[in-house]
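These are the residues of each chain, in order.
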Amino acid sequence: MSLSHGDLANPNNRLLSLLNLCRKAPSFTRTKALHALSITIWNTLDQPVYISNNVISLYLKLGEVSCAAKVFDRMPERNTVSFNTIISAFSKSGYAERSWRMFSEMREFGISPNQSTVGGLLSCPSLDLRGGTQLHGLSLKYGLFGDGAYVGTELLGLYGRFELLEMSEKVFEYMPLKSLVTWNQMMSLLGRGGFLRECMFLFRELVGTGECLSESSFLGVLSCVSCENDLEASRQLHCSAMKIGLDCDTSIVNSLISAYGRCGNTVMAERVFEEALSWDVVSWNAVIGATAKSENPLKALKIFVTMPKHEFSPNQGTYVSVLSASSHTQTLSFGRQIHGTLIKNGCETDIYLGNALIDFYAKCGSLEDSRLCFDSISDKNIVCWNTMLWGYANKDDPICLSLFLQMLQTGFRPTEYTLSTALKPCCVVELQLLHSVIVRMGYEDNDYVLSSLMRSYAKNQLMNDALLLLDWSSKPSSVVPFNIVAGIYSRTGQYNESAELISTLEQPDTVSWNIAIAAYSRSDNHGKEVTELFRHILKENIRPDNFTYVSILSTCAKSCDLTLGSSIHGLITKTDFSRADTFVCNVLIDMYGKCGSVTSAIKVFEETREKNIITWTALISSLGIHGYGREAFEMFEEMVSLGFKPDRVSFISMLTACRHSGMVKEGMELFWKMKDYGVEQDMDHYCCAVDLLARNGYVEEAEQLISEMPFLADGTVWRSFLDGCKRFAEEQRSTLSFVSGE
């Protein structure tokens, strides 16, 4: 590193050139050498401040904050850049006190802070709210908001960190200058709070400014999408991303997949995944997670097994989603394979994966395996206990209470979910014990726990005790206790009492109306009241939800009121049919089938995005009862080919279809193949088979089938046999009369 005569004449320029070269390829050794050189030169020449500033900057680029601080401390003269650089370094390293001390020293030197000074301080992750508000005041005093967007943007981050959304909004509105980062920061804060409407408003304003959008502009808004009501917003954001070519960005692809999944539109989630130019493991996790929560979780398993073909390895999140899908599809063998893989990888005791395994085995009914996974986790959290408790409670296992007590002994404080779960299988004595624990822990006024407690009393035939739990004066403004009681009345068959209680409410919510409508729809001869209630909520501008539609459509199906049913369907379509879930579509198909409009039933079936076994069975039943036996068989075969496992109701619908179409051979073949699908014939199936044989003249075969039944035939079977014989005899007489007449 030799210096020429010209370089010696201006050594600082030479040193600055070397420092700039070092900045391109940072090295601690080179930086120390240049630092030493600057000290040597400093002994003979008056070194400018900018040389020391550059040395500090180089040390900071290498992460050597302590070395940078030493250089700063030895500087005889400092300027704004010197202070800003060291303040920013201390702030990013989390040293709030040291950065604040430097800030105070800077002001003592008479140097006025600028945007970089305040912005650097605000970027400190450990800065407290008091310090932040002081900086906010100083920014206003020095007029820093008018110099640029940096300070305002950092203030948004500070207030967002302390969840002070209103303060963030005020800062945002006050800012005369906003950068793209400012807009993205504000949308991200609103997104975290779940304010989609406000997020979309800001997004449209940002587009209107003509600013070039970045991936962060979309990520903040997409994170806010949470349910099927947000589907339209997801589509708009997707179109906007496509318009400017950002739909190929992997992070936006992943967010779109997740957003569509949360909206329940797995078709679009899969489409976005398939059309993506590149994937990462998050992409796979997003699409597997979306399909795992859909009506066809088997698709998630199919996607998962293709991961190795594309050279992607599953991670923790992947396994959790796959185990969830396995529990929904009840594929115990597949879940066991995943468990084996986790054991092989030595991560089955991981708290996150351990919880997923406990949940999987519990939902598949294998409590022994679930308990083994639970016991293998040494450092359990409250989620582990809650999941295991749910497994026992779901089976009404008495071990549930002893496990709950064990949890208390280990020092865990139960959550509202823990208590509600533990209450489910309790007998009277256990219920009273848990009730005292609830009171002692202060959960007696919690709506969720109160609801579970009342249900447990009602389940144990202690209805009066359940009603006594309500303190009518403690929460006069809350409708939740009323809804709980009305719901108990409805579930115990006291429909009139349920509806009457709801009618006493001054301001019933949507849940209240749904309970009243459901109560009337379940009772006999109250179709008129259901219609009147439905019209009333529409008149009051209360938006019906899927539960409302299910109740009103069930009433239409029961009374075969095609006019009203098709009007309700029209209303659903008008308000946005995509919001109708699979349950609503299933009831629509059933309603049209029972009202004789098979064409409409088929149309609804085709429009249903996420079909389940009930969807297929509803259409098969609709086709069958109207004599379309061949078409019903075709639908059944298609259903099986798509991986849907027929249940007992599916076979009843198919046997009924064969009965109405005179398809004796096909019906009986299907009857004897039921066990191949894992379904045992019960009384209803034998009843359908006997009727199928008898009404088509196979009287002896019908008698033989009855005699070979594995259980004693009841009156329904014999009635079907006699009715079938009678129908066949009547058909024979009609045929003979017709022939004689000729």
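Residues numbered from 1 in each chain as written. Predicted model: local features only at pLDDT ≥ 70, side-chain atom pairs only at ≥ 80, totals over all residues. Heavy atoms only, no water.

### What about the pattern of salt bridges?
For clarity, the cut-off: Counted as salt bridges are all cases of a side-chain nitrogen of Lys or Arg within 4 Å of a carboxyl oxygen of Asp or Glu. Going along the chain from the N terminus, every DSSP run of H or I of four or more residues is numbered as a helix, and every run of E of two or more is numbered as a strand.
Applying the stated rule across the entire model yields 15 salt bridges. A salt bridge links glutamate 232 to arginine 235; the nearest nitrogen and oxygen atoms lie 3.8 Å apart. Of this pair, glutamate 232 and arginine 235 both sit in helix H15 (residues 231–243), three residues apart, which is roughly one turn of that helix. In this structure, aspartate 684 and arginine 648 form a salt bridge, with 2.7 Å as the shortest nitrogen-oxygen distance. One end of the pair, aspartate 684, is in helix H42 (residues 683–694); the other, arginine 648, is in helix H40 (residues 648–661), with 36 residues separating them in the sequence.

### Details of the environment of serine 116
Heads up, the rule is: The buried label applies to any residue whose accessible area, calculated with a 1.4 Å probe on protein chains only, is under 20% of its type's maximum; exposed applies above 50%, and partly exposed to all values in between. Contacts are residue-level and defined by heavy atoms, with any inter-residue pair within 4.5 Å sufficient.
By the element assignment, serine 116 lies in helix H8 (residues 115–122). Serine 116 gets classed as partly exposed once you look at its relative accessible area, which sits at 39%. In sequence terms serine 116 and tryptophan 284 are 168 residues apart; their C-alpha atoms lie 41 Å from each other. Those residues within four positions of serine 116 in sequence are excluded, and the remaining contacts are Asn84 and Tyr150.

### Description of the confidence of the model for the protein
Basically, it comes down to this: A residue's pLDDT is the predictor's confidence in that residue, given on a scale from 0 to 100.
Confidence along the protein averages 87 in pLDDT terms, with 94% of residues attaining 70 or more. The low-confidence segment residues 1–9, where pLDDT is below 50, has seven contacts with residues more than four positions distant or belonging to other chains. Low pLDDT, under 50, characterises residues 738–742; the predicted model gives this stretch zero contacts beyond four residues in sequence or across chains.

### Describing the packing of helix H32 (residues 510–522) against helix H33 (residues 527–539)
Note the cut-off: Inter-axis angles, ranging from 0 to 180 degrees, are taken between N-to-C directions of lines fitted to C-alpha atoms, where helices are fitted over the stretch in contact. Our angle categories are set so that under 35 degrees counts as roughly parallel, over 145 as roughly antiparallel, 65 to 115 as roughly perpendicular, and the remainder as oblique. Here a crossing is called left-handed whenever its near helix is offset anticlockwise from the far helix by less than a right angle, and right-handed whenever the offset is clockwise. Residue classes follow a fixed rule: Ala, Val, Leu, Ile, Met, Phe, Trp, Tyr, Cys and Pro count as nonpolar, while Asp, Glu, Lys and Arg count as charged, and any other residue, Gly among them, counts as polar.
Where H32 contacts H33, the axes come no closer than 9 Å and their chain directions differ by 160 degrees. On the basis of their axis angle, the class for H32 and H33 is roughly antiparallel. H33 is crossed by H32, and the crossing has left-handed handedness. Counting all contacts with H32, which are made through Trp513, Ala516, Ile517, Tyr520 and Ser521, the residues of H33 involved are Glu529, Val530, Leu533, Phe534, His536 and Ile537. In the contact of H32 with H33, the residues fall into eight nonpolar, two polar and one charged.

### Focus on the packing of aromatic side chains
Two aromatic rings are characterised by how far apart their centres lie and by the angle between their planes. Let me state the cut-off plainly: Only Phe, Tyr and Trp rings take part, Trp by its six-membered ring, and two of them pair if their centres are within 6.5 Å. Stacked means planes under 30 degrees apart, edge-to-face means over 60, and tilted covers everything else.
A complete count under the given rule lists 27 aromatic pairs for this structure. Relative to tryptophan 616, the ring of phenylalanine 605 has its centre 4.9 Å away and its plane inclined at 75 degrees; by these criteria the two rings are edge-to-face. Residue phenylalanine 605 is located in helix H37 (residues 598–607), and its partner tryptophan 616 is located in helix H38 (residues 613–625); the two are separated by eleven residues in the primary sequence. The buried category is assigned to phenylalanine 605, whose relative accessible area is 7%. With a relative accessible area of 3%, tryptophan 616 lands in the buried category.

### Structural notes on the nonpolar core
Quick reminder of the rule: Nine residue types can take part in a nonpolar core, namely buried Ala, Val, Leu, Ile, Met, Phe, Trp, Tyr and Cys, and a core is a set of them joined through side-chain atoms within 4.5 Å.
Within the largest apolar cluster, 224 residues are counted, with the highest numbers of intra-cluster contacts made by Phe218, Phe404, Leu553, Ile572 and Leu588. Broken down by element, this core gets its largest block of residues, eight residues, from H42.

### Description of the packing of helix H16 (residues 250–262) against helix H17 (residues 266–275)
Axis separation between H16 and H17 bottoms out at 7 Å; the angle between their running directions is 165 degrees. One finds that H16 runs roughly antiparallel with respect to H17. By crossing handedness, the relation of H16 to H17 is classed as left-handed. Side by side, H16 and H17 meet where Val253, Leu256, Ile257, Tyr260 and Gly261 of the first sit next to Thr266, Met268, Ala269, Val272 and Phe273 of the second. Taken together, the residues of the contact of H16 with H17 sort by class into eight nonpolar, two polar and no charged.

### Topic: the environment of glutamate 700
Note on placement: glutamate 700 falls in helix H43 (residues 699–707). Sequence-wise, glutamate 700 and leucine 298 are 402 residues apart; in three dimensions their C-alpha atoms are separated by 44 Å.

### Some thoughts on the state of the cysteines
Put plainly, two cysteines are in a disulfide when a covalent bond ties their sulfur atoms together. Where we set the bar: Cysteine sulfur atoms are paired as a disulfide whenever they fall within 2.5 Å.
In this structure the tally under the stated criterion is zero disulfides. Unpaired in this structure, cysteine 248 has its nearest cysteine sulfur neighbour in cysteine 239, at a distance of 14 Å. Unpaired in this structure, cysteine 400 has its nearest cysteine sulfur neighbour in cysteine 426, at a distance of 6.8 Å.

### Topic: helix H6 (residues 80–92)
Each α-helix winds once per 3.6 residues, and so residues spaced three or four apart point in a common direction. Definition in use: Here the expected span of a helix is defined as 1.5 Å times the quantity of residues minus one. Whenever two N or O atoms come within 3.5 Å, that pair is a polar contact, provided that in protein one can donate a hydrogen and the other can accept it, and provided that, for residues adjacent in sequence, both atoms are side-chain atoms.
A rise of 1.5 Å per residue sets the reference length of H6, with its 13 residues, at 18 Å; its end C-alpha atoms lie 18 Å apart and thus fit the reference within 8%. If you check which residues of H6 are buried, you get Ser82, Phe83, Asn84, Ile86, Ile87, Ser88, Ala89, Phe90 and Ser91. Residues of H6 that are buried in the fold lie against helix H4 (49–61), helix H5 (65–73), helix H7 (96–108) and H8. The N-terminus of H6 is capped by asparagine 79, whose side-chain oxygen sits 3.2 Å from the backbone nitrogen of valine 81. Phi turns positive, to about 85 degrees, at glycine 94, one or two residues after H6.

### Considerations on unusual backbone geometry
Positioned with a positive phi, asparagine 541 is a non-glycine residue whose angle comes to about 60 degrees. In this structure, cysteine 560 takes a positive phi of about 55 degrees despite not being glycine. Among the secondary structure elements, cysteine 560 is positioned in the loop between helix H34 (546–559) and helix H35 (562–576). When its relative accessible area of 47% is taken as the criterion, cysteine 560 is described as partly exposed.

### Some details on H37
Here is the rule: What the arc covers is the set of directions going from the helix axis to the C-beta atoms.
Inspection of H37 places Val598, Ala601, Val604 and Phe605 among the buried residues, and these make up the whole buried set. Along H37, the residues classed as buried sweep out an arc of 120 degrees about the axis, all on the same side. Opposite its buried face, H37 presents the exposed residues Thr599, Lys603 and Glu606, each directed more than 90 degrees away. On its buried face, H37 sits against H35, helix H36 (582–594), H38 and helix H39 (629–641).

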